[in-house]
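What follows is the residue order along each chain.
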Amino acid sequence: MLRYDGVMDRKPLRLIVEDEIDGKPISLDCVPLSLLREFAKEAEQFLRGSEAESADDEIVVKVETGSLAVEEIHPSQDSAYRDVVLLEASNDVANIDQVRASIVLKWQRKAQAKSTRRYGITDGVSVVWVNHNTSYFASDHSMWLPVTRKIVGEIQDMGGARKANIHIATRNGILVVAADQKILAEEKDNRLYKKVLISIAAEENTATGELRHPRLIRFESYAPSSQSESMERMKSVGSDVWKDVDAVDWVRRNREG
């Protein structure tokens with residue numbers, strides 16, 4: 001799993017634009033209004049990504065001195081941190097959120113047109129710079145397709161006042177699944193710290209198998225002890241049926257037709 005999973009004390013994301021005006025670095029004291037306006041819009045698009053549930057939430061930032069930079073007051077959604085890690089690891093933006101990918105490519109085009117312009121994205125651990133020397137691209141081999149999946153795991157956390165989700169521990173790590181508050185409110189069973197089976201809708205990367213934007217469809221009936229007992233019964237019946245059969249001879253005869 002990537003290091004963005006389960007990080008509770010992470011720092012807010014910080015987005016930076018650097019440039020010059022009349023040979024001097026831009027700052028809060030001197031910045032073109034057009035750049036200020038477009039960077040504010042692009043920063044908001046990058047922070048939100050394509051996750052529709054965040055569209056009604058106000059993004060609150062602080063504007064910093066030096067080069068023009070905005071830093072979130074509250075940590076952003078998990079996918080934004082994941083995308084920073086992916087940008088650091090690969091130049092292929094096909095693997096990140098489509099909205100963020102378009103912003104990165106737009107920033108690169110602007111930096112290529114003006115060598116003094118560059119953009120930075122940092123999560124407090126890594127920093128990704130987009131400038132006239134970078135080579136970010138969108139490949140054709142990485143595609144995200146809508147899928148439904150059944151996931152088995154233990155519920156570590158669920159709920160949320162502003163944005164409901166479920167943290168489920170699977171054999172591959174912690175998966176954060178967005179959920180409708182109504183679905184969680186209607187749940188009669190206490191599922192916290194219990195193994196469950198859930199159905200989710202998500203997007204799957206055809207190249208890596210990674211899931212993104214998982215959303216809860218429903219909790220499924222799940223009784224692992226009953227399934228185990230059923231399996232044992234089938235094994236017992238199978239053992240009785242096959243006890244007098246020579247397995248090697250059976251395979252040989254079937255191969256020979």
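Above this text is the structure in question.
The structure contained in this document is the topic of the report that follows. Keep in mind that what you see is a predicted model, and the values were worked out from it rather than measured.

What counts, and at which threshold
Residues numbered from 1 in each chain as written. Predicted model: local features only at pLDDT ≥ 70, side-chain atom pairs only at ≥ 80, totals over all residues. Heavy atoms only, no water. Phe/Tyr/Trp six-rings, centres within 6.5 Å; stacked < 30°, edge-to-face > 60°. Helix = DSSP H or I, 4+ residues; strand = E, 2+ residues; numbered from the N terminus. Buried < 20%, exposed > 50% of the residue type's maximum accessible area, 1.4 Å probe, protein only. Pairing = 2+ DSSP bridges.

## Side note on the packing of aromatic side chains
Evaluated as defined, the whole model comprises four aromatic pairs. When the centroid spacing of 6.1 Å and the interplanar angle of 15° are considered together, the rings of Phe46 and Trp107 count as stacked. Within this pair, whereas Phe46 is found in helix α1 (residues 33-48), its partner Trp107 is found in helix α3 (residues 98-113), the two being separated by 61 residues in sequence. Judged by its relative accessible area of 0%, Trp107 falls in the buried class. Centroid distance Trp107 to Tyr119: 4.6 Å. Interplanar angle 0°. Geometry classified as stacked. Note that Trp107 is positioned in helix α3 and Tyr119 in strand β6 (residues 118-122), a separation of twelve residues in sequence. You can call Tyr119 buried: its relative accessible area is 0%.

## Brief notes about the pairing of strand β1 (residues 14-18)
Across four bridges, the pairing between β1 and strand β5 (residues 68-72) is antiparallel. If you follow Ile16 over to β5, its bridge partner there is Ala69. Of the strand pairs in this sheet, β1 and β6 are connected by five bridges, and their pairing is antiparallel. When the sheet's bridge partners are listed, Ile16 is paired in β6 with Gly120.

## Re unusual backbone geometry
Even without a glycine there, the phi angle at Tyr193 is positive, about 65°. Position of Tyr193 relative to the elements: it lies in the loop between α4 (181-185) and β11 (195-205). The phi angle at His213 is positive, at roughly 50°, despite the residue not being glycine. Along the polypeptide, His213 turns up in strand β12 (residues 211-220).

## Examining the pairing of β6
Taking burial as the measure, the five residues of β6 include four buried ones, the bulk of the element. As paired elements, β6 and strand β7 (residues 127-130) share four bridges and run antiparallel to each other. Each bridged residue has a counterpart across the sheet, and for Gly120 the counterpart in β7 is Trp129. Turn length for the β6-β7 hairpin, with the two strands adjacent in sequence and antiparallel, is four residues, and the turn residue Gly124 shows positive phi of about 90°.

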